[in-house]
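Observations on the three-dimensional arrangement
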Amino acid sequence: LTALVTWSVERLIAWLNTKIKDEKALGMLTAAVNVVQSAVKSTYQTYVQSLKEQNIFDGEAQRTALNAAVQQATNTLSEEAKNYIQTNYGDLTEWIKLQIESTLYDLKNKAE
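In this text the structure is predicted, and so the values were computed from the model without any measurement.

In this structure, V36, A73, L77, I85, W95, I96 and I100 are the most contacted members of the largest nonpolar core, which totals 17 residues. Of all the elements in the fold, those that place two or more residues in this core are α1 (2-53), α2 (59-76), α3 (79-89) and α4 (92-111). Ranked by residues supplied to this core, first place goes to α1 with seven residues. The contact partners of I96, leaving out residues within four places of it in the chain, are V36, V70, A73, T74 and L77.

Structure (structure tokens):
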């Protein structure tokens, strides 16, 4: 009986630890995605919008906007989030670019 209780307690503790880690990771990733979305919106408001109004938002301006959003997101992310992303997803800059593209897709499709 003691062995069964000990095993049950160990399983419960392991399950709780996994749940806590999963929730922490989810919270960290949600915050990181929010940072990227904010960087995209900020870049649009401060840079892209005026160029589009002047009809001069070309390929070079797109690259500049992307680099500005990546830089802003990178500067805003916590070190813990950066480390988590690099450990679990690889290159931080590529992950941020992927999130930017996803955000732009969502924003464009909401407007339609």
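Take unusual backbone geometry next. In the Ramachandran plot, N55 falls in the positive-phi region, its phi being about 60° despite a non-glycine side chain. On the secondary structure map, N55 appears in the loop between α1 and α2.

This paragraph deals with the side chain of T43. Mapped onto the fold, T43 is located in helix α1. Owing to a relative accessible area of 6%, T43 belongs among the buried residues under this scheme. Not counting residues within four places of it along the chain, the set of residues in contact with T43 comprises V48, A65, A68, A69 and Q72.

Next up on the list: α2. Compared with the 26 Å implied by 1.5 Å per residue over 18 residues, the 26 Å span of α2 between its first and last C-alpha is a close match. For α2, the full list of buried residues reads A61, A65, A69, V70, A73 and T74.

Attention shifts here to the layout of surface pockets. A probe as big as a water molecule, rolled over the atoms, marks out the empty space that is left. Taken as a whole, the largest pocket holds about 480 Å³ of empty space. Taken together, 16 residues form the lining of the largest pocket, with Y44, V48, F57, L104 and K108 sitting closest to its centre. Sorting the residues of the lining of the largest pocket by element identifies α1, α2 and α4 as the ones contributing at least two each. The element that contributes the greatest number of residues to the lining of the largest pocket is α1, accounting for six residues. Split into classes, the residues belonging to the lining of the largest pocket amount to ten nonpolar, two polar and four charged.

Scoring rules and cut-offs
Residues numbered from 1 in each chain as written. Predicted model: local features only at pLDDT ≥ 70, side-chain atom pairs only at ≥ 80, totals over all residues. Heavy atoms only, no water. Core = buried A, V, L, I, M, F, W, Y, C linked by side-chain atoms within 4.5 Å. Buried < 20%, exposed > 50% of the residue type's maximum accessible area, 1.4 Å probe, protein only. Helix = DSSP H or I, 4+ residues; strand = E, 2+ residues; numbered from the N terminus. Contact = heavy atoms within 4.5 Å. Expected span 1.5 Å × (residues − 1). 1 Å grid on protein atoms, 1.4 Å probe; cavity = no way out; pocket = protein on both sides within 12 Å on 5 of 7 lines; lining within 4 Å. Points joined across faces, edges and corners; volume = space filled by probe spheres on them. Nonpolar A, V, L, I, M, F, W, Y, C, P; charged D, E, K, R; others polar.

In short, shape yes, function no, at least from these values alone.
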